[in-house]
Amino acid sequence: MHVVVCIKQVPDPQAPAGSFYVDEATNEPRWSPPAQDQISTFDLHAIEAAAQLRQAHGGRVTVVSLGDAEVEVGLRRALAGGCDAALRLDGPAGSSADRSETARWLAAAIARLAPVDLVLCGRLAADWDMGHVPAMLGELLGMAVVTPVVGLEYDGACFRARRLTDEGQEVLEVDLPAVLAVSNELNEPGYPTMRAVLQAQKVPVTTWTARDLGLDEPADRAAARLLRLLPRDLTRECEFIEADTPEDAGLLLADCLRAQGLLAAGAKGG
Amino acid sequence: MGADEVAFLRAPWLEAGQPDAWVAALEESCARLQPDVLILAHITMGREVGPRLAARLAVPIVTDCTEVRMDGDSGALVGVRPCFSGKALSEIALAPGSLRIATLRRASGSATVSAANPAPAPSVTLELSAAHAGHTRVLERVVPPPGALRLEDASIVVGVGRGVATAEAFRSYIVEGLAKTLGAAVGGSRGAVDMGIIPAELQIGLTGRVVSPSVYVAIGLSGSPQHMAGCGGASTIVAINTDPQAPIFAYARHGVVGDFRKVVPSLTERLAKILAEDA
Ligand SMILES: Cc1cc2nc3c(=O)[nH]c(=O)nc-3n(C[C@H](O)[C@H](O)[C@H](O)COP(=O)(O)OP(=O)(O)OC[C@H]3O[C@@H](n4cnc5c(N)ncnc54)[C@H](O)[C@@H]3O)c2cc1C
């Protein structure tokens with residue numbers, strides 16, 4: 001089985017909310033102090049899923065990332081996490097508004113890596129929070145799509161995926177090849193051993209350019225573009241209930257909710 | 001609800017309801033109806049079908065919008081969507097010239113359609129042609145028990161976090177206690193899901209469900225940006241947490257610093273009394 005994992009590096013999504021701001025002149029997100037780039041959370045779960053499948057069923061895992069030389073840090077981390085080969089696509093890492101270019105690059109690379117049985121992505125990248133790429137990849141490659149995946153079962157013949165729906169879950173039988181967008185419930189990625197990290201340094205990272213992939217220049221007028229990025233602040237002043245004991249605080253909170261008219265049933269929204 | 005015409009899509013293969021089928025159905029309907037803009041609900045189905053259709057038709061898309069509008073001058077379709085775990089909003093413009101797709105979040109507080117009986121819009125029925133074979137087949141479905149209060153419909157939601165610690169505490173203090181007394185729906189943070197306190201489908205947040213109740217009672221959760229992305233639209237947030245520095249207090253209107261095991265029982269008891277009196 002040949003599994004391809006697509007990863008992206010993003011500024012630490014768990015950096016404190018207060019460190020985030022918007023550079024209004026350029027419409028760009030900023031962090032002070034700077035947020036460290038790291039592999040996007042759900043992509044780590046995709047790497048782990050690929051490593052587990054290979055361990056159980058053999059085959060090989062190729063990890064792919066689109067962007068400049070800096071993405072090699074993430075690719076090496078993925079190698080240490082159980083991937084066999086790493087590929088960097090020397091193209092524009094996702095714009096702020098449009099994922100079709102990203103999907104086009106990845107699809108061209110995956111087609112060139114054929115045969116591919118499974119493509120694993122994170123359910124969304126923890127920066128612009130779009131989650132378009134796995135769905136778009138499935139279309140461009142003519143593969144099945146399942147998102148977001150919280151469980152996997154493979155007995156060598158039949159592939160089953162469990163996914164979240166609006167209010168519940170679904171177990172699907174999935175035809176391969178397929179693109180699966182992985183959620184965190186699927187597994188718990190471990191930390192690579194020092195040995196694995198050192199070994200990953202020795203694996204060459206292959207680089208493919210637009211020319212290697214036979215991609216022509218993108219249309220110069222992007223059909224989707226970012227007009228404005230606006231900071232959003234949901235914080236407000238909190239009134240703390242002061243009491244001698246936590247039990248008393250509970251009583252006072254109840255009285256406060258009544259006094260504020262917050263217990264009137266059926267008053268949804270507002 | 002303001003539609004000029006309603007088109008019903010009909011095909012035997014739509015019944016199974018898998019995204020594959022809906023992509024095919026919408027592809028064919030768009031070819032026949034030639035719309036300028038296609039708006040889908042940002043639910044599990046729309047979240048997958050939207051980007052797939054955009055890729056298949058090579059047209060632009062903006063998803064997870066809290067608002068969409070037409071820009072009069074440029075003719076652009078502008079979608080406003082949260083990003084960076086809700087710490088920012090981006091306005092994305094889709095240029096005219098082809099079909100444009102947007103997925104729209106369900107508006108906060110508009111769970112019901114006006115009861116007035118509007119004149120029915122004229123309708124057409126599209127009998128879809130091509131047979132369709134999907135790539136996935138449903139083997140099993142887990143759905144909420146009948147009659148369960150949907151998180152999105154509840155006027156009061158109690159959200160629990162890692163601090164609630166055990167499924168047993170969740171059951172006794174929250175499900176059988178506070179939430180029952182308030183008639184509230186329950187959900188929680190990823191911390192609570194990780195601890196096995198609540199099932200994954202009750203997670204609230206960026207990668208969970210989005211609720212906008214009148215009151216959100218946050219118990220033993222820290223208030224991460226990713227969690228607030230799913231409950232920051234509540235009119236009033238009430239927080240109970242042992243840590244006075246917990247970020248949740250920055251979003252809350254009323255806060256109690258204390259152990260929920262001490263605060264919640266007296267709160268529940270008093271609320272029961274108040275609600276009985278006011279009834
Ligand atoms: C890309 C991405 C997507 C994510 N999506 C989501 C999402 O959709 N939803 C989500 O919730 N998270 C999401 N997360 C995770 C999020 O960042 C946080 O890790 C998570 O919300 C923390 O859960 P928590 O508040 O329960 O746990 P913690 O942060 O550990 O907070 C527990 C709180 O409980 C308090 N506490 C402890 N004991 C008690 C007690 N006895 N009484 C009262 N209080 C007590 C503590 O003081 C603490 O504040 C996402 C993260 C990433 C990176």
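Remember, predicted model here, so these are calculated numbers, not experimental data.

The rules behind each value
Residues numbered from 1 in each chain as written. Chains lettered and ligands numbered in written order. Predicted model: local features only at pLDDT ≥ 70, side-chain atom pairs only at ≥ 80, totals over all residues. Heavy atoms only, no water. Helix = DSSP H or I, 4+ residues; strand = E, 2+ residues; numbered from the N terminus. Buried < 20%, exposed > 50% of the residue type's maximum accessible area, 1.4 Å probe, protein only. Contact = heavy atoms within 4.5 Å. Areas by Shrake-Rupley, 256 points an atom, 1.4 Å probe, with all protein chains shown as cover. Lys, Arg positive; Asp, Glu negative; His and termini not counted. Charge placed at Lys NZ, Arg CZ, Asp CG, Glu CD. Buried area = accessible area lost by both parts, 1.4 Å probe. Salt bridge = Lys/Arg side-chain N within 4 Å of Asp/Glu carboxyl O. Polar contact = N/O pair within 3.5 Å; in protein donor to acceptor, adjacent residues only side chain to side chain. Nonpolar A, V, L, I, M, F, W, Y, C, P; charged D, E, K, R; others polar. Pairing = 2+ DSSP bridges. Axes fitted to C-alpha atoms, helices over the stretch in contact; angles between N-to-C directions. Parallel < 35°, antiparallel > 145°, perpendicular 65-115°, else oblique. Left-handed = near helix turned anticlockwise from the far one by under 90°. Near = heavy atom within 4 Å. Domains from an automatic or database assignment. Expected span 1.5 Å × (residues − 1). Core = buried A, V, L, I, M, F, W, Y, C linked by side-chain atoms within 4.5 Å.

1. Overview of the overall build of chain A
Secondary structure summary: chain A contains seven helices and 15 strands in total. Evaluated residue by residue, chain A yields a buried proportion of 50% over its 270 residues. Long-range pairs, those at least 24 residues apart, make up 72% of the contacts in chain A between residues at least 6 apart in sequence. Approximately 12500 Å² of chain A is accessible, and the part contributed by carbon and sulfur atoms is 49%. Taken together, the 24 basic and 39 acidic charged side chains of chain A have centroids lying 6 Å from each other.

2. Some words on the interface of chain B and chain A
Contacts between the two partners involve 87 residues from chain B and, on the opposite side, 83 residues from chain A. When chain B packs against chain A, the two sides together hide about 7900 Å² of surface, and 56% of this comes from carbon and sulfur. For the interface between chain B and chain A, the tally reads twelve salt bridges. Where A:Asp255 meets B:Arg270, a salt bridge forms, and the shortest distance between an N and an O atom there is 2.8 Å. Here chain B is connected to chain A by 37 residue pairs in polar contact (both at pLDDT 80 or more). Per element, the largest residue contribution to the side of chain B that touches chain A is ten residues, and it comes from helix H7 (residues 260–278) of chain B. Among the residues making up the side of chain B that touches chain A, the classes are represented as 44 nonpolar, 22 polar and 21 charged. Bridge count for strand S15 (residues 239–240) of chain A against strand S14 (residues 254–257) of chain B is two bridges, and the pairing is parallel. Looking at the pairing, A:Phe240 lines up with B:Gly255 of S14(B).

3. With respect to unusual backbone geometry
With an omega of 0°, the peptide bond between A:Ala114 and A:Pro115 qualifies as cis. Tracing the backbone shows A:Pro115 in the loop between helix H3 (100–112) and strand S8 (118–122). Note that the residue after A:Thr147, namely A:Pro148, is joined by a cis bond; omega there is -15°. Along the chain, the position of A:Pro148 falls in strand S9 (residues 144–154). The phi dihedral of B:Asp64 is positive, around 60°, even though this residue is not glycine. Position of B:Asp64 among the secondary structure elements: in strand S3 (residues 61–65). The backbone of B:Ser85 shows a phi angle near 55°, a positive value even though the residue is not glycine. Relative to the helices and strands, B:Ser85 is located in the loop between strand S5 (77–83) and strand S6 (88–94). Given the relative accessible area of 5%, B:Ser85 is considered buried.

4. A few points about the packing of helix H3 (residues 167–182) of chain B against H7(B)
All names here are of chain B. Orientation of H3 relative to H7, taken along the N-to-C sense of each, is 25°, at an axis distance of 9 Å. It follows from the interaxial angle that H3 and H7 lie roughly parallel. Here the hand of the crossing between H3 and H7 comes out left-handed. Contacts from Ala169, Tyr173, Gly177, Leu178, Thr181 and Leu182 of H3 reach H7 at Phe260, Arg261, Val264, Pro265, Leu267, Thr268, Leu271, Ala272 and Leu275. In terms of residue class, the contact of H3 with H7 is made up of eleven nonpolar, three polar and one charged.

5. Focus on helix H2 (residues 71–80) of chain A
The element H2(A) is extensively covered by neighbouring structure, given that seven of its ten residues are classed as buried. Positive phi appears at A:Gly82, one or two residues downstream of H2(A), with a value of about 125°.

6. Quick look at the site of the ligand
Lining the immediate environment of the ligand, one finds 31 residues, of which B:Arg162, B:Ser189, B:Ser222, B:Gln226 and B:Asn241 sit closest. Surrounding the ligand are residues belonging to chains A and B, so the site spans chains. Note that a nitrogen atom of the ligand is positioned 2.8 Å from one of the side-chain N or O atoms of B:Thr207. The protein chains hide 85% of the 990 Å² of surface that the ligand would expose on its own.

7. Digging into the domain arrangement of chain A
Domain boundaries in chain A define domain 1 (2–213) and domain 2 (237–270). A separation of 44 Å is found between the C-alpha centroids of domain 1 of chain A and domain 2 of chain A.

8. A word on the sheet that holds strand S11 (residues 185–188) of chain B
Hydrogen bonds between backbone atoms are what pair the strands of a sheet, whose relative direction is either parallel or antiparallel. One open sheet accounts for six strands, arranged S15(A)-S14(B)-S13(B)-S12(B)-S10(B)-S11(B); its pairing is parallel. Two strands close off the open sheet at either side, each with one partner strand: S15 of chain A together with S11 of chain B. For strand S10 (residues 156–160) of chain B and strand S12 (residues 215–219) of chain B, the ladder comprises five bridges, and the chain directions are parallel. Opposite B:Val160, over in S12(B), you have B:Ile219 as the bridge partner. Here helix H7 (residues 246–259) of chain A sits on the sheet in contact with strand S13 (236–241) and S14 of chain B, set at roughly 175° to S14(B). The strands that H3(B) touches are S10, S11 and S12 of chain B; relative to S10(B), the one it contacts most, it runs at about 165°.

9. Quick look at H3(B)
Residue and element names in this part refer to chain B. Compared with the 22 Å implied by 1.5 Å per residue over 16 residues, the 20 Å span of H3 between its first and last C-alpha is markedly short. Of the residues making up H3, those classed as buried are Ala169, Phe170, Ile174, Gly177, Leu178, Ala179 and Leu182. On its buried face, H3 is in contact with S10, S11, S12 and H7.

10. A few points about the nonpolar core
By size, the foremost hydrophobic cluster in this structure holds 60 residues, and its most contacted members are B:Val158, B:Leu178, B:Tyr216, B:Ile219, B:Ile240 and B:Ile248. Counting 34 residues, the second-largest nonpolar core is a separate cluster that includes A:Ala50, A:Ala80, A:Leu120 and A:Leu186.

11. Some thoughts on the sheet that holds S6(B)
One open sheet accounts for four strands, arranged S14(A)-S6(B)-S5(B)-S4(B); its pairing is antiparallel. Strand pairing shows two members of the sheet lacking a second neighbour, strand S14 (224–231) of chain A together with strand S4 (67–70) of chain B, which therefore form its edges. Strand-to-strand twist across the sheet, computed as the mean angle between neighbouring axes with direction ignored, equals 25°. Two elements, S4(B) and S5(B), share four bridges in a ladder whose sense is antiparallel. In the sheet register, B:Arg69 faces S5(B), and the bridge partner there is B:Val78.

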